Every structure is written in structure tokens, then in C-alpha cells.
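The primary structure of each chain is shown beneath.
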Amino acid sequence: MTAKSNIEEKLEELGRAISSDGSIVENVMNRIKAKSLTGPHAGKAQNIWRKIRKTRIAKLASAAAVIILLVLLNRGRDHVLWADVSAAFKRVDCVHIFMRFTNEQEGKVIGTEQCWIRKPNLYRHEKSITTGNVVEKTVIIDNGVEKLELDKKAQTAQFSESLQDILPGPMEMLLFVKFFREPDTTFAGVKFIVSKIRQECTREELAFDVKVLPASGLTKAQDQSKCKIWADKKTLLIRRVHISPKYSGLKDASLRYVFDYPDIDPNMFSFNIPEGYTELPKKVRPVVSGVVQYPDGSPVADAKVHIRGFPFHHLRKCRTDEAGRFEAKGDYCINLRFPIRLCAFPPDSPDLAAWTIITDPEPWDKEDDYPDFPVPECGNVELVIDPNGRAFKCERATGIVLTMEPALQITGTVTDQASQPIAGSKVRVISLKYKRASLGWATYLLEITDSRGRYKLTNQPVCRGAVSLTLSAEADGYIPSEKEVLLDGSLVYEGVDFDLCKAKVGIK
Amino acid sequence: VQSDAELVNAVLNGEKEVFAALVKRYERPVCAAAMDVLDNHMDAQEVAQDAFVRAYENLHLLRKASVFGPWLMKITRRCALTAARRRPRETALDPTNAFPSEKKDGQLDEERQRLLAAVVKLPESEKQVIMLRYFSSHSARDVAGILGRSVGTVTKQLSRAHKRLRNILERSEK
């Protein structure tokens, strides 16, 4: 009992020792008031927050909500797509592009190109190439109607028609790869796939990788080329582009674009010919024209005409007018080189087609040419003669007469290995074989199989002298397959069937 | 006597002045807890003020209004430790500290300090009861009202705490 009272006494003594002069209450309350502390926030919101904090489930749910919000915010911040960069580029009025080709091995600058673009259609391009000690410099000014070319070495000036109607725009002409189109679209036989390179993106720059794939999907994977684009993270404007030498076509050289976006003086685009320059006669664009007619000589209106010159992937399409006339203008970039193939397809008869080939009248090497080609009437072909006195391309081909003939019809089915029909697969003619030569003959008349996997290729021109046709079938997720059809003189070929094998993951 | 929970809820509902009652109720226990760490009455009083202000600022974060006491003690201990860390190093090297038996102004003697340390070591429920009963001089009935417990429970906790303290002290004397 005494012990108990002893400890109680000691505690009471201790309590007294920890004396307080009563100033704490006053000081604390003064500090609370002086600081005008928001302190314990009264009110509904606070009570709700307190309730949320009370239960474990509510806590977990709120934590999950916060994480989701952060993920979404983070995704949003990182969500700059190539389409945004492309849109930013399209919004700019003036662009200056500086391009430099350097010899990769020696690091020597072998040429420079500069381009000034002022929207909507002012365009100036300067190119200088050093070969040994000789510097060749050319200037091109194009205002959407006319084009002026100045050659410093030859001291000549030559006007010609603008090319801007052919190409989607001058800037795209310069950037010859059509990077600034929406990603994953197909253009001129190639497909651009642009993807962000996350590990190369910095605080200031975004990095994109551009893959160029043949749209047909028939070319092997190693043929794809690459280029890299860096864009400013804030403005989304392109800062630089690096094209791999493989794609630029320059062996052992690296090609680099550097962009800036200044306001360009409109005087840069004036058509003033410098003193001492000789003006050459106006250049005329290559033209292919003629008529399409039925066997009885009556005109075929609204017929599709496909004109294909070298290189093979370049195709010009046009349609005939009421009198059966057609005219297609070429461009200076891709000339009408031999052989030029023309096909015409009537609008409503699947069993007719017309065709012709304009071959080189003076082939370089008779052995290498296509001696089996029957040469139909070509009308008037004006040739461009090179300095050695040889014709190397067609300048104008007019008066061509395309007469409808009975056409081939090829039918069949496309199935998988389990004999199940594949709907939506694409079937087309890809080449034509002669006794001694083979010719890429993609008529671009593509057939898509129906739900039963059936296809019917019509309007295929009968090419006299040809031994066989090669057809290809392709479908998403399957390995493309080719099949040769031997031509025996008949017009209908049935049962040209394809069995496609499933592709491994990732191959289209 | 109003319980802690009632007072805390009143403050949370906007009656700021009510916080003064809580300060008054806990000023000595808080000072005691601070002294256990700081060993100086003046510093302890400063820390006590800081602890109360911090408690007021964070009152909305208190999950259960009834555990205000233990929560406040935790805040006090943290404030005291921070203050101890901030104290100039010289204090430790102060030659007067070499004679701990000499009682300086504002310091507890060795015996009381031992008792205080023993009180601080008590389980939370018993510590609160002891502090309110002896440091804040409340009757057992009042302590029961403050903590929202029955008088019987408080009395039992008090007697258990006495026994425990006696044991601790006896052990430390040996």
C-alpha cells in the first residue's frame, strides 16, 4: 500500500515539476490566429476526404484512380504522332531546306542542294555538285505555272511548263520521298511506315523512323529502306532528316536535310535571267496521245488508258473523251523510256482490251532487246537524241491507235492449306514471258476474291508471241504465291487456283 | 467533461477556439513527452507549442477523433527529435554536462527523469491515463470522460500502470 502511494506521490511530484505557466495555450492560439492557418478544413469536401481515407477499399480505389490518371496523363504527353508533326509542317508558310551529300568514307562534301518554298506554289531550288575541280550549279524556279532552269556552267536559261500539277507539291518534289503524307499510306508504289523511336527522343527532340516498303508486299524484307527524322518537341517542326545512302541512291554517301523556317523574300522567286545567259527554246513536256477504237473503227469513250514507261513502277493513267481521244503528259523526272507500254480497257466489256508497245527503234544491243515483240502501229514517235546520236527516250508519241481485241479471262480460287477459301485476297498478272525475255507486265487490273475465294481476271490483253503469264495471289497473313499460266492460244483459262501458306507472325 | 473526440469534431466543424481546450488538457503531457527527449524544460515548452500547431494544421488527417491523445504524443515525439537534432553540437560537449547530478535550471533531477522515461515507455492506453491523471491533474472520472472509457477501466489501467512503473523503476535501480 505504501509502495503504491509512493509511486503515486512520485508521479504527482513529477507532474508538478513539469509545470506550465499557462503560456502554451495562449501562444498556440495566437500562432494559429496569426498564421491564419487553414488548419482543419471544415466542410463537406474535407469530410468526404476523411471518409475516403477511412476504409481500405476506398483507399485502394483512390490509389488505383490516381495511378490510372497518371498513366493517362503520361500517355497523353507522349502521344505525339507522326501525323501531328506532318500537320505542323503543313501549317508552315515558308521553308528553307539545306541538303548536303557527303562522301561517307572521306567525309567530303560532294554536293549541296538548297530549296526555298513559299506557299502556296513558289519554289526555288539550287543544286551544286563538285566533280573533281568542276562545280556544276543549276537553279530551278517554279511558280506553279512556269518553270525556269538556269545552268551556270553552260550559261543557259530555259523555260518550261510547271510540274506542280503532276507532283502533289513542290516540297514533296524536293523531298522526293513523300514523308509528309499521312503515315501508313501508299503512294507511287511505296508504303511509308513512320514510327517513333522512344529511346532516341530527348527533352527537346522527337525521333521518328521511316520505313519504306514496296506497296505490293512482294519484295523481300531486306529491300526496305530507312530514314530518320528529328522534330522539335515544342513546335513539332522538323529539324533534320537523315536519309540512309541506300535509299538516297548515292553509294557511299550520306544525305542530310537541315530544315529552318524563315520568312522568304518573294524576290527570290522572280524569273530574271542573269546577264550573259542564253535563253534556250521552251521545253515541251513529253506527251503520249492517240485514240482508242473498237474493231469496227468506232471510238471507245471513257476507256481507261494505262501508260507505263521505264522505270516499271511509274504508271500514268488517263481516260478517253467522247471521240476516244487520250493524252497523257509525262514529266521531266521520269522520262518516257523504252519500252513504253500502253493498255486500254473499255468501260463495259470484260472480254476486250487494246495494247501496244513502243520499243526502241535503235536498241543499244540487239541481243538484249525483245526481238519477239511484235511492233504494232505506233503513230509518230519523236525521239530524243543523245550527244552520241542515239535515241534514248521518247519525247513525244502522238497519233497512237489502240484497237480493241478479244481479251483473256482467267478464273480460279484462292484457298489456304486446309482448302478453306480466302476472301479478300488480291490476284494480278505480274509478268509476261516471251521465248527469250520476260517483261514486268502488271496491268494494275487487280482482282479481289469473293467470300468463296473466287476471282475472275478480265480485260487481259492477248500479247501475241507471249509464251506465258505469271499471276500472283496475296492475302494478309499469308505468304504470297505465284503461278505461271501457259498461253495456248485460247482466251479463257479456268482453274488457276492458289494454295496460300500461313505466314509466320509479323509477315504480311 | 467533454471527450477528446467531441472536441476534435467541434474543431473540425469550424469551432477553432475549442482547440484551446485540447491544448489546455494536453499541455503538460506534451511537455512531459518533449522533456523525455530534450531534457530541458524551456526547449520542451517550445516543442510543445510547435506540436500543438502542427496537430491543428493536420487535424483533418486524423482518422479517428478518439485517438487524438496518442496521435498528439507521436507528433510531439517527432518534433522533439527534430529539435534535438537541430540543437547545436556544443551542448553535447558542454562541460557542465559532465556532472549530470548537478541540477540545472529547467532540468529534472535524475530520479524524476527516470520516472518520466518509465512513463513514456508505458503502453499507449496506460501512458495516456497516467499523463492525464497526474500531469494534467484530472480525476479518474474526468479521465474516463476525456478518453470515452468507463471509470472502472481507467481505474484498472491506473493500477496496472502503477505496478508496471514500480517494476521498471525497481529493475533500473538494480
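Residues numbered from 1 in each chain as written. Chains lettered and ligands numbered in written order. Predicted model: local features only at pLDDT ≥ 70, side-chain atom pairs only at ≥ 80, totals over all residues. Heavy atoms only, no water.

1. Examining the overall build of chain A
Moving on, step 1. Each helix and strand in chain A was counted, giving seven helices and 31 strands.
Moving on, step 2. Evaluated residue by residue, chain A yields a buried proportion of 41% over its 508 residues.
Moving on, step 3. Within chain A, counting contacts between residues at least 6 apart in sequence, those at least 24 apart form 56% of the total.
Moving on, step 4. Per element, the accessible surface of chain A, about 27,600 Å² overall, is 52% carbon and sulfur. (Helix = DSSP H or I, 4+ residues; strand = E, 2+ residues; numbered from the N terminus. Buried < 20%, exposed > 50% of the residue type's maximum accessible area, 1.4 Å probe, protein only. Contact = heavy atoms within 4.5 Å. Areas by Shrake-Rupley, 256 points an atom, 1.4 Å probe, with all protein chains shown as cover.)

2. Description of the interface of chain A and chain B
Moving on, step 1. Taken residue by residue, the interface counts 36 residues in chain A and 44 residues in chain B.
Moving on, step 2. Carbon and sulfur atoms make up 65% of the area that chain A and chain B hide from each other, which totals about 3,800 Å².
Moving on, step 3. At the junction of chain A with chain B, the criterion picks out three salt bridges.
Moving on, step 4. Linking chain A with chain B are five residue pairs in polar contact (both at pLDDT 80 or more).
Moving on, step 5. If you list the elements that add at least two residues to the side of chain A that touches chain B, you get α1 (2-17), α2 (23-34) and α3 (44-54) of chain A.
Moving on, step 6. For the side of chain A that touches chain B, the element with the highest residue contribution is α1(A), accounting for twelve residues.
Moving on, step 7. For the side of chain A that touches chain B, a count of residues per class yields 14 nonpolar, ten polar and twelve charged. (Buried area = accessible area lost by both parts, 1.4 Å probe. Salt bridge = Lys/Arg side-chain N within 4 Å of Asp/Glu carboxyl O. Polar contact = N/O pair within 3.5 Å; in protein donor to acceptor, adjacent residues only side chain to side chain. Nonpolar A, V, L, I, M, F, W, Y, C, P; charged D, E, K, R; others polar.)

3. Brief notes about the confidence of the model for chain B
Detailed reading of predicted coordinates is not advised where the pLDDT is low.
Residues and elements named next belong to chain B.
Moving on, step 1. Per-residue pLDDT for chain B averages 81, and the proportion of residues at 70 or more is 88%.
Moving on, step 2. Mean pLDDT in chain B bottoms out at helix α5 (residues 90-93), which sits at 43, and peaks at helix α1 (residues 4-12), which reaches 89.
Moving on, step 3. Segment residues 89-104: pLDDT under 50, and seven contacts once partners within four positions in sequence are set aside and those in other chains are kept. (pLDDT = per-residue confidence, 0-100.)

4. Quick notes on the packing of helix α7 (residues 124-135) of chain B against helix α9 (residues 151-173) of chain B
Residue and element names in this part refer to chain B.
Moving on, step 1. Running from N to C, α7 and α9 point in directions that differ by 95 degrees, and their axes come no closer than 9 Å. With respect to their mutual orientation, α7 and α9 come out roughly perpendicular. Between α7 and α9, the contacting residues are S125, E126, V129, I130, R133 and Y134 on the first element and V154, Q157, L158, R160, A161, H162, R164 and L165 on the second. (Axes fitted to C-alpha atoms, helices over the stretch in contact; angles between N-to-C directions. Parallel < 35°, antiparallel > 145°, perpendicular 65-115°, else oblique.)

5. A few points about the pairing of strand β2 (residues 109-118) of chain A
All names here are of chain A.
Moving on, step 1. Examined bridge by bridge, strand β1 (residues 94-103) and β2 share nine bridges and lie antiparallel to one another. Pairing of F98 across the sheet is with Q114, part of β2.
Moving on, step 2. Strand direction decides the pairing type here: β2 and strand β3 (residues 122-131), joined by eight bridges, are antiparallel. Residue pairing in the sheet places E113 in a bridge with K127 of β3.
Moving on, step 3. As consecutive antiparallel partners, β2 and β3 are separated by three residues. (Pairing = 2+ DSSP bridges.)

6. Considering the pattern of salt bridges
Moving on, step 1. On inspection of all chains with the given rule, the structure shows 19 salt bridges over all chains.
Moving on, step 2. B:E111 is the salt-bridge partner of A:K10, the closest N and O atoms lying 3.2 Å from each other. Separated into two different chains, A:K10 in helix α1 and B:E111 in helix α6 (residues 110-121) make up a pair that spans both.
Moving on, step 3. You can call B:E111 partly exposed: its relative accessible area is 42%.
Moving on, step 4. Residue A:D232 is joined to A:R239 by a salt bridge in which the shortest nitrogen-to-oxygen separation is 2.9 Å.
Moving on, step 5. Residue classification places A:D232 among the buried positions, given a relative accessible area of 16%.
Moving on, step 6. One network of salt bridges, in which partners are shared, links A:E205, A:D232, A:R239 and A:R240.

7. As for the environment of A:L402
Residue and element names in this part refer to chain A.
Moving on, step 1. Structurally, the position occupied by L402 is in strand β21 (residues 391-403).
Moving on, step 2. The exposure class of L402 is buried, given its relative accessible area of 0%.
Moving on, step 3. Considering only alpha carbons, one finds L402 and V300, 102 residues apart in sequence, at a separation of 9.8 Å.
Moving on, step 4. In contact with L402, not counting residues within four places along its chain, are V291, V292, Q293, V305, F326, L342, A344, A354, W355 and T356.

8. Side note on the pairing of strand β6 (residues 156-161) of chain A
All names here are of chain A.
Moving on, step 1. By the criterion of burial, β6 is predominantly enclosed, with five of the six residues buried.
Moving on, step 2. Here six bridges tie strand β5 (residues 146-151) to β6, and the two strands are oriented antiparallel to one another. Within the sheet, the bridge partner assigned to E149 lies in β6 and is Q158.
Moving on, step 3. The sheet contact formed by β6 and strand β13 (residues 278-283) spans four bridges and is parallel.

9. Structural notes on the packing of α6(B) against α7(B)
All names here are of chain B.
Moving on, step 1. Contact geometry for α6 and α7: axes closest at 8 Å, N-to-C directions at 135 degrees. For the element pair α6 / α7, the angle class is oblique. Where α6 abuts α7, its residues L116, V119 and V120 lie against K127, I130, M131 and F135.
Moving on, step 2. When grouped by side-chain class, the residues that make up the contact of α6 with α7 number six nonpolar, no polar and one charged.

10. Overview of the nonpolar core
Moving on, step 1. One finds B:F19, B:Y26, B:F52, B:F68, B:L116, B:I130 and B:F135 to be the most contacted residues of the largest nonpolar core, which totals 68 residues.
Moving on, step 2. Residue contributions to this core peak at twelve residues, all from helix α2 (residues 19-38) of chain B.
Moving on, step 3. When sequence neighbours within four positions are dropped, the list of residues in contact with B:F52 reads A:I24, A:V28, B:F19, B:L22, B:V23, B:Y26, B:E27, B:V30 and B:L72. (Core = buried A, V, L, I, M, F, W, Y, C linked by side-chain atoms within 4.5 Å.)

11. Comments concerning α9(B)
Moving on, step 1. Compared with an ideal rise of 1.5 Å per residue, which puts 23 residues at 33 Å, α9(B) spans 33 Å between its outermost C-alpha atoms and is within 8% of the ideal.
Moving on, step 2. Within α9(B), burial applies to B:V154, B:Q157, B:L158, B:A161, B:H162, B:L165, B:I168 and B:L169. (Expected span 1.5 Å × (residues − 1).)

12. Observations regarding the side chain of A:T470
All names here are of chain A.
Moving on, step 1. Relative to the elements of secondary structure, T470 occurs in strand β28 (residues 468-474).
Moving on, step 2. Taking the relative accessible area as the measure of exposure, T470 reaches 9% and is therefore buried.
Moving on, step 3. When neighbours within four sequence positions are excluded, T470 is seen to be in contact with R428, V429, I430, S431, E482, K483 and E484.

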